[in-house]
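# Commentary on secondary and tertiary structure
If you want the building blocks of each chain, they are given just below.
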Amino acid sequence: MRSFVLVVALVTAALIAVTGAASPATNAAAPPQSSDSGQGSVGVRLVDIPVDMADDPRARHYIVDNLRPGTTVHRRIEVLNTTDSTLRVEVYPAAAIITHGSFVGAAGRKRNELSSWTRLRRRTLHVPAHDTLRDTVTIAAPGERYAVVWAQVRGDRGGGIALVSRTGIRMYLSVGGHNPPALNFTARTMTAQRGRDGRAIVRAQIINTGGRALDLSGTLKLASVSGSLSAGPYQVQLGTSLAPHQSEPVMIPVTDEVADGPWRATLELRSGLLVKKFHAKIRFPHTQGMAPAAAVDAEASGGNALTGLVAGILLLGTALLIVTNRVRRRHERTADAGSGTTTG
C-alpha cells in the first residue's frame, strides 16, 4: 500500500479569464469588480484542527492526517464575503500538482483521483454581505494525489468578457494506517549571488527525502569567518512546496549591504514540527553574478522539539534511577557491616 499525506492550506484567488490558465494556489481572494458588488473580497479558511495536531503550526492552515484504508474524514471550511453584496459562491474540488516549488491548482474544474474522492455538502453558497457561511468537505480516499477545494465567484467585466475569481484550500492526502510516512529533507548546496542592484542573495538547493509534502519557511544568519561581524536573520522567501523526491531552490534575500565575505552561513528551515539547520562557507561575488556552489554540513536533526524533550527527560530519569539504586545498595552494605558483632 502506498503512503500519502492530507494537508489543506489557504490559497489566493487568481483572477483569470474563463478560457482559463491555471491559477496558483496562494493566500486571499478578490472577486471580479462590478457595479453591484462594490469593494471587498472573498476568502476561505479551515475551521477544524485535529486535537493531536494542535502543536503543529501547519495545522492552523492545513488539514494534516494519515488515514487508514477505507477511512472517511470530514473538515469544515468557512467562506467569508467582505463585499457590500450577497455573492453566489460555487464550492468544488479540482486537481492540483506540486511543480517547480509551487502548489498549483489546475485550470477550471479539471479532476484527478483526489478530487474525485472529495465531496462538498453544499456546492453553492449564497454568502450575505459582510458575513460568513460554512460548508463541509468529505474525503474518502484510497491513494495519494493533490487537489484543491475552490470557492469561486463569477462576474461580468463587460464587453462579453467573463471573469472568474477563486480562492481555495490545498489538499495533500495520505493513506497508510497507523504509521504515517516520515517528513524529512536536506540541503544539497548553498550558493551566494548578487543581483543587478548589487543585493546579496543566498540560494539553497533543497531535496525532499521524506514521504510527505513540504511547505518550507525559515531564516538565514551570516557570521564572518575571520572576525566578529554577523548579519541577519533574513527570512526565507515563502511559497516553496516540495512533493516527495522533488528538489528545488529556496531563496533568501539578504536585505542588508554585506561584504563579499567569506561568511559562515547558517540556514534554519522548518516544515511543520520538523526543524533542521545547515551550514556552509560562502563568499558573495563582488559584482553581479553567482559564486560556485558550496558544500553543506547538516546539524543532527532536532525534528520534533517535543519528542527531543521527552527523550531527554526519559534519559535523565533513567540516569537518576541508576544513581539512586547504586547509592541505596552502598548504604545497605555499610549498614550490614556496621551491625555485625564479635563473640569471644
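Summary of the structure given here. (Residues numbered from 1 in each chain as written. Predicted model: local features only at pLDDT ≥ 70, side-chain atom pairs only at ≥ 80, totals over all residues. Heavy atoms only, no water.)

## Some remarks on the nonpolar core
Residues Met190, Ile206, Leu222, Val254, Ile282 and Phe284 are the most contacted members of the largest nonpolar core, which totals 31 residues. Of all the secondary structure elements, the ones that give two or more residues to this core are β12 (185-194), β13 (200-208), β14 (214-224), β15 (230-235), β17 (247-254), β18 (263-271) and β19 (274-282). Once residues lying within four places of it in the same chain are set aside, the contact partners of Leu222 are Leu229, Ser230, Ala231, Tyr234, Val254, Trp263, Arg264, Ala265, Ile282 and Phe284. Counting residues in hydrophobic clusters, the runner-up holds 22 residues, among them Val79, Leu114, Leu125 and Ile169. (Core = buried A, V, L, I, M, F, W, Y, C linked by side-chain atoms within 4.5 Å. Buried < 20%, exposed > 50% of the residue type's maximum accessible area, 1.4 Å probe, protein only. Helix = DSSP H or I, 4+ residues; strand = E, 2+ residues; numbered from the N terminus. Contact = heavy atoms within 4.5 Å.)

## Section: the pairing of β12
For β12, the buried fraction is high: 7 of the 10 residues fall into the buried class. Where β12 meets β13, 9 bridges bridge the pair, whose relative direction is antiparallel. The residue of β13 that forms the bridge with Met190 is Ala204. Examined bridge by bridge, β12 and strand β21 (residues 294-295) share 2 bridges and lie antiparallel to one another. (Pairing = 2+ DSSP bridges.)

## Digging into the environment of Thr209
Within the element layout of this structure, Thr209 appears in the loop between β13 and β14. Exposure remark for Thr209: the relative accessible area of 41% places this residue in the partly exposed category. Sequence-wise, Thr209 and His245 are 36 residues apart; in three dimensions their C-alpha atoms are separated by 5.7 Å. Those residues within four positions of Thr209 in sequence are excluded, and the remaining contacts are Asn184, Phe185 and Thr186.

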